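Letter by letter, the chains look like this.
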Amino acid sequence: AEQHKASSDAPKAVNWLTTLRAIWKLGVPFFSDPEARLKAWGLLIINISVVLAEVALIFQLSVDSKHFTNALAHRDEDKFWGMVWHLLFHIMLLPPTFFLGRLVAGTLALEWRRHLTYKVFGKYISDDQAYYRLKMEDLSIDNPDQRIAQDVSEFTATAVFLITHFTRDVSTVATSSWAIFRMSNRLGLFLVGVSLLHTMVMLKGFAAPLMRVQRLVLGLEADLRFILIRLREHAESIAFFRGAHVEKLRSEAKFVKVVHAEYKKLCILAGFDSFSSGVKHTLDFASYLILAPMYFATTVSFGEMHQAHALFHQNLKSMLDFTSHLDKISGLGAQSLRVIELWDALDRYVGADAEEDAGSSPQKSQGDESLNDASTDAGTDVGSNMDVELGEDECKDDEEHGGDTSSEGRVCLMELAGTATESLAVRDLTLFPPHGQVPLLQGLSFCMSWTDSVLLTGPSGAGKSTLLRAIAGFAMKGCGSIWRARLEHCFFLPQSPYLYEGSLRENVLYPSSVGEAALSSDCKAGGIGNEEQALRIREVFDNLGIGYLIDRHGLDEDVDFDKMLSGGEKQRLNFARVLMRSDLRFVFLDEATSALDEANEDNAYSLLKASICCFMSVGHRPNLRRFHTHQLCLEKTGTGGCRGSMITL
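Residues numbered from 1 in each chain as written. Predicted model: local features only at pLDDT ≥ 70, side-chain atom pairs only at ≥ 80, totals over all residues. Heavy atoms only, no water.

Student: What is the right way to look at helix 17 (residues 531–544) in this model?
Tutor: In an α-helix, one full turn covers 3.6 residues, which means residues spaced three or four apart are oriented alike. Taking 1.5 Å per residue as the helical rise, helix 17 with its 14 residues ought to reach 20 Å, and the 20 Å between its terminal C-alpha atoms agrees with that figure. Taken together, the buried positions of helix 17 are occupied by Gln533, Ala534, Ile537, Val540, Phe541 and Leu544. Along helix 17, the residues classed as buried sweep out an arc of 130 degrees about the axis, all on the same side. Residues Glu531, Glu532 and Leu535 are exposed on helix 17 and point more than 90 degrees away from its buried face. Contacts from the buried residues of helix 17 go to helix 15 (504–508), helix 18 (548–553), helix 20 (567–579) and helix 21 (598–611). Immediately beyond the C-terminal end of helix 17, within one or two residues, lies Gly545, with a positive phi of roughly 80 degrees. (Helix = DSSP H or I, 4+ residues; strand = E, 2+ residues; numbered from the N terminus. Expected span 1.5 Å × (residues − 1). Buried < 20%, exposed > 50% of the residue type's maximum accessible area, 1.4 Å probe, protein only. Arc of directions from axis to C-beta. Contact = heavy atoms within 4.5 Å.)

Student: Whenever I open this one, the packing of helix 20 against helix 21 confuses me. Can you help?
Tutor: Between two packed helices, the angle of one axis relative to the other and the distance separating the axes together describe the packing. Packing of helix 20 against helix 21 leaves a shortest axis separation of 10 Å and a crossing angle of 10 degrees. The orientation of helix 20 relative to helix 21 falls into the category roughly parallel. Between helix 20 and helix 21, the residues in contact are Arg572, Phe575, Val578 and Leu579 and Asn600, Ala604, Tyr605, Leu607, Leu608 and Ser611, respectively. Residues of the contact of helix 20 with helix 21, tallied by class, amount to 7 nonpolar, 2 polar and 1 charged. (Axes fitted to C-alpha atoms, helices over the stretch in contact; angles between N-to-C directions. Parallel < 35°, antiparallel > 145°, perpendicular 65-115°, else oblique. Nonpolar A, V, L, I, M, F, W, Y, C, P; charged D, E, K, R; others polar.)

Student: Can you walk me through the pattern of salt bridges in this structure?
Tutor: A side chain with one charge may pair with a side chain of the opposite charge, provided their charged atoms come close. A complete count under the given rule lists 23 salt bridges for this structure. Put simply, Asp344 and Lys25 hold a salt bridge, and the shortest N to O gap is 2.7 Å. Of the two residues, Asp344 sits in helix 11 (residues 326–360) while Lys25 sits in helix 1 (residues 16–32), which places them 319 residues apart along the sequence. Arg626 serves as the salt-bridge partner of Asp602, at 2.6 Å between the closest nitrogen and oxygen. With Asp602 in helix 21 and Arg626 in the loop between strand 8 (615–618) and strand 9 (630–636), this pair connects stretches of sequence that are 24 residues apart. Each of Arg21, Lys25, Lys123, Asp344 and Asp347 takes part in a single network of salt bridges with overlapping partners. (Salt bridge = Lys/Arg side-chain N within 4 Å of Asp/Glu carboxyl O.)

All quantities given are derived from atomic positions and should not be read as evidence of function.
Below you can see the structure in the form of structure tokens.
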């Protein structure tokens, strides 16, 4: 689970136009996407048609009820039994109509959710690494997981619910009003006036404050759930620290805010319910009072008076029905705003990357050519001048991305051609933390050839991990330029390995194991698999000293290895991913052996060095020096930030 903590629990106030824009932006894609619009409009039309059929049946029942009542009043036995059969026929049509309506409405909500969720997945879980950048760079978006999994679902379900009820209410009002105005203009005008007044009071006095409270409740509930998830994920560390009392106090403090917000919501809903109930019961006999003089004057029959009362009650209910779902309306607004905040944030990242790619791609070849003539002496001081000349286009590219001046700019990252003699080149690189103005690194410049291996050292907080993130394209706040081998030939090993929820084979081949390179379900069920691949995995695991994992679990048994394996086993499994790849030319390791003893660490690096010549490691142990050709030492300066020097080992 991921969370980005906002500066305040209370959401910012928004107007109705912003809310309607959010609802519109989430609704339009489903009904305009060429791949989904046929299904979307088809389901919507069927849903509306079924609702209209329900309204027509209910209106016909009121007509039958009028004739039925008149037959009783006039003691007309033949007409009475004839109307009984009419009533039974129309009543029998109601259950299948209601069933079809519920089925179609539910299908519309699910398909809408499917389409919207896939759209968000495409933005959030993509090669743009928006899921990572959102966590590191944008603190305003809390709990994106909850917004995607819960808010999207509730938005689509609530939207379909309100569309269905609005259609039913409007059609009911239209048919009933026509019949009521035919009986009495006074009764019809009275009904319209009361309904409009009730709607205005509801929107102004109750809906707006309830929507703000609803957004607050959603955010606080998500925060509380995130605290409990962290408690579960870090249960062992908390237990060792004996921190249960702290976690309990934190959970209770957040829960107090949840309850306080729920009480605010309860007070608003209680006030609205009392207002609506008072209006409803006050007007319950209004039709009798208005039509009584006409009945006494014998201008309307008793059956017509009974029908008028039923239609008036039904019409009033329909007019008040839409506003009676105040919690649904406020929930729809709150959910749409939370989802659209995430949507807009993701659009910023995707758009920025698209512009970046468009702006930098023309210069890649020129940068590669200039680097072919550059000095490749990795032993020069990091602060020394590099023999790398930027052309006018590249300087322009730096300006466009702000990579040349201020801390608010972005580093210019370009990929080297496969024929380049360098694997990595850094020029005048200055990096800032995502939410700070004091630089971590200043004026860093160095080159690496394909035979160089660099050990990156320095005190904690010097920016070692940030430098690796910048090379990967993640930490881009700063200025300067980076030329790097093509990403498909690079591999990054973090200190805390990510383990996929699957088998050992899928984990060691991740991410290529999921999809085209994965074994078919038939092979997995039969235990067949790729024998040559299995032998290679066994060899790599045995060399790393974790062959016993295959003996215990096999290659294709799904196991939650994240909970089962120790830190050292996870890191050796991470190394196995590198050793299984034959297309890698550059590996970056961020304290990837911190959980290993010295013997296993030496063994892992020996296997790495025999497989790949070019790599950069972050580490502190002295034994790592003999596996590298150079050492890049970062040292803090008195003015903030770090500078470094490269030495040959």
